[in-house]
Amino acid sequence: MASRRKSVPVLNYNELNNLSSEIIFKTGRKPKGKFFSVERIISRRKVAHSWEYLVKWTGWPLETCNWEPFDHLTPTLLRSYDHPPKPEQKRIEQSSRNFFEAISKCLKSKSVLSTDANIDLDVQRWMWQGKGIASEHKGYKLYNLHDFCNLDLPETWWYYLDHHGEGKALNFRIKMKSILSWTPKRFIFEDGQLKQAKRLPIIRVKIHFCKRACNVETL
């Protein structure tokens, strides 16, 4: 749900959670109800014959994100899902570090051929928009080395060499899939009552690959 206010309204969490968003279009009429600013769209899901979008609200913690029907969002926000704008540089850098660390750890391992990297879904959409080809495995896409040009990575990120000049390199293409899951259900004792705690989204990219032996002469 989008807002035209410049400041975030001060409300308690219960009020936020109990409100539903409303659509804002240029209808010439003053919109009714309370509106909140959207920081970003995290994901979407198919419900019946329509879409719902998981929204992160500006100024609110991740635990308050919730699913909103498409007609509660502005056309600009909906377009930003399929055509994501460039994220802030610090988010690109952090996501790139997470990806690099995950790959490096696997290259050094003797057996691991898959890993996860924590990268927000909107950043993933921007990084790999229009890249990769569909895999035979549902939800996965296959990527070549040049498909990672939007990440802030060292040129040598795709291989590891030891002090003898020998090591392992990724054997492209590599297979990846975006994953959205949720923290386990748990309960808390609050205001004299046992309540179910808020569940947080867990966002990552699942990476599968093959490695090949390499040295300074075979890179």
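Every chain is numbered on its own, with residues counted from 1 as its sequence reads. The model is predicted, so local features are restricted to residues of pLDDT at least 70 and side-chain atom pairs to those at 80 or more, both for listing and for counting; the totals for chains, interfaces and linings are taken over all residues. Just so you know, side-chain values use all the structure's heavy atoms and leave hydrogens and water out.

Peer 1: Explain the overall build of the chain to me, using residue names and the numbers behind them.
Peer 2: Helix numbers and strand numbers start at the N terminus; a helix is a DSSP run of H or I with at least 4 residues, a strand a run of E with at least 2. Across its full length, the chain carries four helices and 11 strands. Burial classes follow relative accessibility: with a 1.4 Å probe on protein chains only, a residue under 20% of its type's maximum area counts as buried, one over 50% as exposed, and anything between as partly exposed. Per-residue burial over the chain gives 37% buried out of 219 residues. Sequence separation of 24 or more characterises 61% of the internal contacts of the chain that already satisfy a separation of 6 or more. Whether two residues are in contact is decided by their heavy atoms: any pair within 4.5 Å suffices.

Peer 1: Go over the side chain of Asp-122, please, and point to the residues and values.
Peer 2: For Asp-122, the location among the structural elements is in helix H4 (residues 121-127). Identification of polar contacts relies on pairs of N or O atoms within 3.5 Å, with a donor-acceptor requirement for protein atoms, meaning one able to donate a hydrogen and the other able to accept it, and with residues adjacent in sequence counted only if both atoms are side-chain atoms. A distance of 3.4 Å separates polar atoms of two side chains, one belonging to Asp-122 and the other to Arg-40. In this view, Asp-122 contacts Arg-40, Ile-41, Ile-42, Pro-84 and Arg-91; residues no more than four positions away in its chain are not counted.

Peer 1: Quick one: what's the story with helix H2 (residues 75-82), residue by residue and with numbers?
Peer 2: Turning to H2, its buried residues number three or more, namely Leu-77, Leu-78 and Tyr-81. For H2, the angular spread of the buried residues around the axis is 100°, confining them to a single face. Exposed residues on H2 whose side chains face more than 90 degrees from its buried face are Thr-76 and Arg-79. Looking at the buried side of H2, the elements it contacts are strand E1 (38-47), strand E2 (50-57) and H4. In this context, the arc is that of the directions from the helix axis out to the C-beta atoms.

Peer 1: Could you give an account of helix H3 (residues 89-108), with specific residues and numbers?
Peer 2: Owing to its 3.6 residues per turn, the α-helix aligns residues three or four sequence positions apart on the same side. In this model, H3 (20 residues) spans 28 Å end to end at C-alpha, consistent with the 28 Å of a helix rising 1.5 Å per residue. Its buried side turned inward, H3 meets E1, strand E4 (114-117), H4, strand E7 (159-161), strand E8 (166-182) and strand E11 (201-215). A helix is expected to reach a length of 1.5 Å times the quantity of its residues less one.

Peer 1: Any details on the pattern of salt bridges? Residues and values, ideally.
Peer 2: For this document, the term salt bridge refers to a Lys or Arg side-chain nitrogen within 4 Å of an Asp or Glu carboxyl oxygen. Using the criterion set out here, one finds 13 salt bridges in the structure. When the shortest N-O distance is used, the salt bridge between Arg-40 and Asp-122 registers 3.4 Å. Taken together, the positions of Arg-40 in strand E1 and Asp-122 in helix H4 put the pair 82 residues apart, joining distant regions of the chain. Judged by relative accessible area, Asp-122 falls into the buried class, the value being 11%. Linking Lys-90 and Glu-88 is a salt bridge whose minimum nitrogen-to-oxygen distance equals 3.9 Å. Here the salt bridges share partners, and the residues they tie into one network are Glu-39, Arg-40, Lys-56, Arg-91, Asp-120 and Asp-122.

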